[in-house]
Amino acid sequence: MATVCLSNSKSLIPSSSFSTSIVPKTIVRKELIVCKAENNVTSFSPIISKRSLSISVASTLLFSLTSNGFFQANAAILEADEDDELMEKVKKDRKKRLERQVINSSSSKEKGYLQDLVYKLSKVGQAIENSDLSAASSVLGQSTDAVWVQKVNSAFNKFSGSDEEKTEIDSFNSSLSSLVSSVTKNDIEGSKTAFLASASAFEKWTTLTGLIEELKGL
């Protein structure tokens, strides 16, 4: 670079016919100084750029490897926890299902009470549809203290285990009380509403307990 600049400085000489002493030496000296400065700047910049780039790439790679390892480890831990929770849930569901099967198979008497309830509700529904509340009353009786109601509740308690199932039992008994009262008062519209509520609560309960497949007429 210094040589090129020197040759450029010689081009400043006006003509070969003039003596070289006409060109002041200070001009040549200044040209050399300027070229050296430019040469230093040009040669230094690439070194800084390469070093910065190298550090940046190394830092990015290190962060990437560290981050990937961290998240992979956490993901593995979470996945293991989820697998354990799922397995525990499967075990509990299986145990609950086996217990319910044992109860259902050994409770034929209680299932008979529930089957009788299905028949009663069917007859009451037909009677209300025909606006024959006297026929509905003969099936239901005059009070919820009837023997058949007590037997039904003993069956409810036998097969129920969860809070949701017990909630449906309460709904059924409340609706049944309204049904008996409406039929006694010869309230056809009230009887229809109370009957639908009773039948709905009973059907939900049989679905929750799994008895809906074992009782005829549902």
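Everything that follows concerns the structure shown earlier in this document.
This write-up is about the structure you can find in this document. Fair warning: this is a prediction, and the values are worked out from it, not measured in the lab.

### Topic: the overall build of the chain
Consideration 1: If you tally the helices and strands in the chain, you get seven helices and zero strands.
Consideration 2: Counting over 218 residues, the chain shows a buried share of 25%.
Consideration 3: At a minimum sequence separation of 6, the contacts of the chain that also span at least 24 residues come to 70%.

### Quick look at the packing of aromatic side chains
Consideration 1: Under the defined criterion, the tally for this structure stands at six aromatic pairs.
Consideration 2: Both rings, one in F156 and one in F202, keep their centres 6.2 Å apart while their planes meet at 50°; by these two values the pair is tilted. In this pair, F156 sits in helix α5 (residues 147-159) while F202 sits in helix α7 (residues 188-209), placing the two residues 46 residues apart along the sequence. Each member of the pair, F156 as well as F202, carries the same accessibility label: buried.
Consideration 3: Ring centres 4.7 Å apart and planes at 65° place the aromatic pair F156 and W205 in the edge-to-face group. With F156 in helix α5 and W205 in helix α7, this pair connects stretches of sequence that are 49 residues apart. A single burial state applies to F156 and to W205, both of which are buried.
Consideration 4: In this structure an aromatic cluster arises from ring pairing among F156, F159, F172, F202 and W205.

### Focus on a negative patch on the surface
Consideration 1: Residues E82, D83, D84, E85 and E88 make up a contiguous surface patch of negative charge.
Consideration 2: By the element assignment, D83 lies in helix α2 (residues 25-105).

### Here we look at the side chain of E165
Consideration 1: Note on placement: E165 falls in helix α6 (residues 163-184).
Consideration 2: Residue class for E165 comes out buried when judged on its relative accessible area of 2%.
Consideration 3: Within polar-contact distance, the side chain of E165 engages the backbone nitrogen of G161 at 2.7 Å.
Consideration 4: In this structure the side chain of E165 is engaged in a polar contact, spanning 3.2 Å, whose partner is the backbone nitrogen of S162.

### Quick look at the environment of L218
Consideration 1: On the secondary structure map, L218 appears in the segment after α7.
Consideration 2: Judged by its relative accessible area of 44%, L218 falls in the partly exposed class.
Consideration 3: Sequence spacing of L218 and T206 is twelve residues, and the spatial spacing of their C-alpha atoms is 9.1 Å.
Consideration 4: Setting aside anything within four residues of it in sequence, one finds L218 in contact with V118, F202, T206 and I212.

The rules behind each value
- Residues numbered from 1 in each chain as written.
- Predicted model: local features only at pLDDT ≥ 70, side-chain atom pairs only at ≥ 80, totals over all residues.
- Heavy atoms only, no water.
- Helix = DSSP H or I, 4+ residues; strand = E, 2+ residues; numbered from the N terminus.
- Buried < 20%, exposed > 50% of the residue type's maximum accessible area, 1.4 Å probe, protein only.
- Contact = heavy atoms within 4.5 Å.
- Phe/Tyr/Trp six-rings, centres within 6.5 Å; stacked < 30°, edge-to-face > 60°.
- Patch = residues over 30% accessible without salt bridge, like charges linked within 9 Å, V, L, I, M, F, W, Y side chains within 5 Å.
- Areas by Shrake-Rupley, 256 points an atom, 1.4 Å probe, with all protein chains shown as cover.
- Salt bridge = Lys/Arg side-chain N within 4 Å of Asp/Glu carboxyl O.
- Lys, Arg positive; Asp, Glu negative; His and termini not counted.
- Charge placed at Lys NZ, Arg CZ, Asp CG, Glu CD.
- Polar contact = N/O pair within 3.5 Å; in protein donor to acceptor, adjacent residues only side chain to side chain.

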